[in-house]
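# Overview (structure and organization)
Here is how the chains run, residue by residue.
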Amino acid sequence: MYILYLPTSFSSNHLQATIVLAYSVFHQLFCSIWRDRIASLLNTRLYINKEYAYLILNLLIRVIVPLLLTISLGSSPTNLGYSLPNIIKGILLTAILLPLTIIFNTIVIWSAIKIVKERHAIKKVKSWKSGIGPKEMTTLALWVICEEAFYRGFILMELSSLGFTVSILISSLLFSIAHIYTGIIWSLMSFINGIMYSYAMIETKSLLVPIILHYILNIVPFIRAYHTFFRKIINENERIENN
């Protein structure tokens, strides 16, 4: 009688990957179905501002629970990027990837509203505000930190046993799906952004550079000149359609 024997490293790696993927599915369901309901409940029952309720839930689901899972699986938080990168390498990567990411996103957004005229993309651009205050900047920073901790820290690094190519594709795909409400083009843009953030994460072994890239990219639309440029395109399209 022969007994199939799996090496410990093989079984533990696949168990870890299974747990991470299962939690990723739960996370997607939570964000799309339950998060808004629970935030509303916290607002009506405990009188917590809904914006703060979202942040609390994001911190719980995207940072605290993944950290506890990581520790229970025998890994260290430093494996998820909770450490500082090499300063010179971090600065160089940021200096290279930041302009590339901004240029890429600008071209994609321009194409979405000027050529394709995608409804969701136009709606997204119209929702941009000109200027941003300290409160909004802080809220945005916390939101970005939670997203990067989950997608680049937990999913990317905890699935690295499957190979970085696989973990990059999975983490970027899930990041893209989380932005599907903004339309197909915006979701595809998020997928490419996810790959860039993943590359920065792998190269520096730290969440700091992906967080900086992601945060600045989200700040750019609040710049008056950037905001005005795209609003003019939308207004011109609407003027032509009305004529």
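Look up a bit, the structure's there.
Residues numbered from 1 in each chain as written. Predicted model: local features only at pLDDT ≥ 70, side-chain atom pairs only at ≥ 80, totals over all residues. Heavy atoms only, no water.

### A word on helix H4 (residues 119-127)
- Among the residues making up H4, those that are buried are Ala-121, Ile-122 and Val-125. In a view along the axis of H4, the buried residues occupy a sector of 100°, so they form one face of it. Residues of H4 that are exposed and angled more than 90 degrees away from the buried face: Arg-119 and Lys-123. (Buried < 20%, exposed > 50% of the residue type's maximum accessible area, 1.4 Å probe, protein only. Helix = DSSP H or I, 4+ residues; strand = E, 2+ residues; numbered from the N terminus. Arc of directions from axis to C-beta.)

### Thoughts on helix H5 (residues 134-158)
- The end-to-end C-alpha distance of H5, which contains 25 residues, comes to 34 Å, matching closely the 36 Å that a straight helix rising 1.5 Å per residue would cover.
- Largest kink in H5: about 25°, centred on Ala-149. (Expected span 1.5 Å × (residues − 1). Bend = angle between axes of the 7 residues up to and from the residue.)

### A look at the layout of surface pockets
- For the largest pocket, the calculated volume is near 1,600 Å³.
- Lining the largest pocket are 45 residues, and of these Lys-124, Leu-140, Trp-143, Tyr-181 and Asn-218 sit closest to its centre. (1 Å grid on protein atoms, 1.4 Å probe; cavity = no way out; pocket = protein on both sides within 12 Å on 5 of 7 lines; lining within 4 Å. Points joined across faces, edges and corners; volume = space filled by probe spheres on them.)

### Some remarks on the nonpolar core
- Counting residues in hydrophobic clusters, the biggest one holds 26 residues, and the most contacted among them are Phe-150, Tyr-151, Phe-154, Ile-155 and Leu-213.
- Counting only elements with at least two residues in this core, the list comes to helix H1 (8-45), helix H2 (50-72), helix H3 (87-116), H5, helix H6 (164-177), helix H7 (184-204) and helix H8 (208-219).
- Of all the elements, H1 adds the most residues to this core, at seven residues.
- With residues up to four places along the chain from it excluded, the contact list for Tyr-151 reads His-27, Gln-28, Arg-62, Leu-156, Ser-171, Leu-174, Phe-175 and Ala-178. (Core = buried A, V, L, I, M, F, W, Y, C linked by side-chain atoms within 4.5 Å. Contact = heavy atoms within 4.5 Å.)

### Some remarks on the packing of aromatic side chains
- Across all of its chains, the model carries 15 aromatic pairs by this definition.
- Look at Phe-150 and Tyr-151: their rings are 5.0 Å apart centre to centre, the planes differ by 85°, and that puts the pair in the edge-to-face class.
- The ring of Phe-175 has Arg-152 lying over it, and the distance from NZ or CZ to the ring centre is 4.3 Å. (Phe/Tyr/Trp six-rings, centres within 6.5 Å; stacked < 30°, edge-to-face > 60°. Lys NZ or Arg CZ within 6 Å of the ring centre and 35° of its normal.)

### Observations regarding the packing of H6 against H7
- Between H6 and H7, the shortest axis-to-axis distance is 8 Å and the interhelical angle comes to 140°. In terms of their interaxial angle, H6 and H7 are classed as oblique. In the crossing of H6 with H7, the sense of the turn from one axis to the other is right-handed. Of the residues in H7, those in contact with Phe-164, Ile-168, Leu-169, Ser-171, Ser-172, Leu-173, Phe-175, Ser-176 and Ile-177 of H6 are Ser-187, Leu-188, Ser-190, Phe-191, Gly-194, Ile-195, Tyr-197, Ser-198 and Ile-202.
- Of the residues assigned to the contact of H6 with H7, the class counts are 11 nonpolar, seven polar and no charged. (Axes fitted to C-alpha atoms, helices over the stretch in contact; angles between N-to-C directions. Parallel < 35°, antiparallel > 145°, perpendicular 65-115°, else oblique. Left-handed = near helix turned anticlockwise from the far one by under 90°. Nonpolar A, V, L, I, M, F, W, Y, C, P; charged D, E, K, R; others polar.)

### Section: unusual backbone geometry
- Its identity is not glycine, yet Lys-117 carries a phi of approximately 55°, on the positive side.
- Looking at the secondary structure, you find Lys-117 in the loop between H3 and H4.
- Despite not being glycine, Lys-205 has its phi angle at roughly 55°, a positive value.
- Position of Lys-205 relative to the elements: it lies in the loop between H7 and H8.

### A few points about the side chain of Ser-206
- Residue placement: Ser-206 occurs in the loop between H7 and H8.
- The class for Ser-206 is buried, based on a relative accessible area of 0%.
- Of note is the side chain of Ser-206, whose polar atom sits 2.5 Å from the backbone oxygen of Ser-83.
- Excluding residues that lie within four positions of it along the chain, Ser-206 makes contacts with Gly-81, Ser-83, Leu-84, Pro-85 and Met-201. (Polar contact = N/O pair within 3.5 Å; in protein donor to acceptor, adjacent residues only side chain to side chain.)

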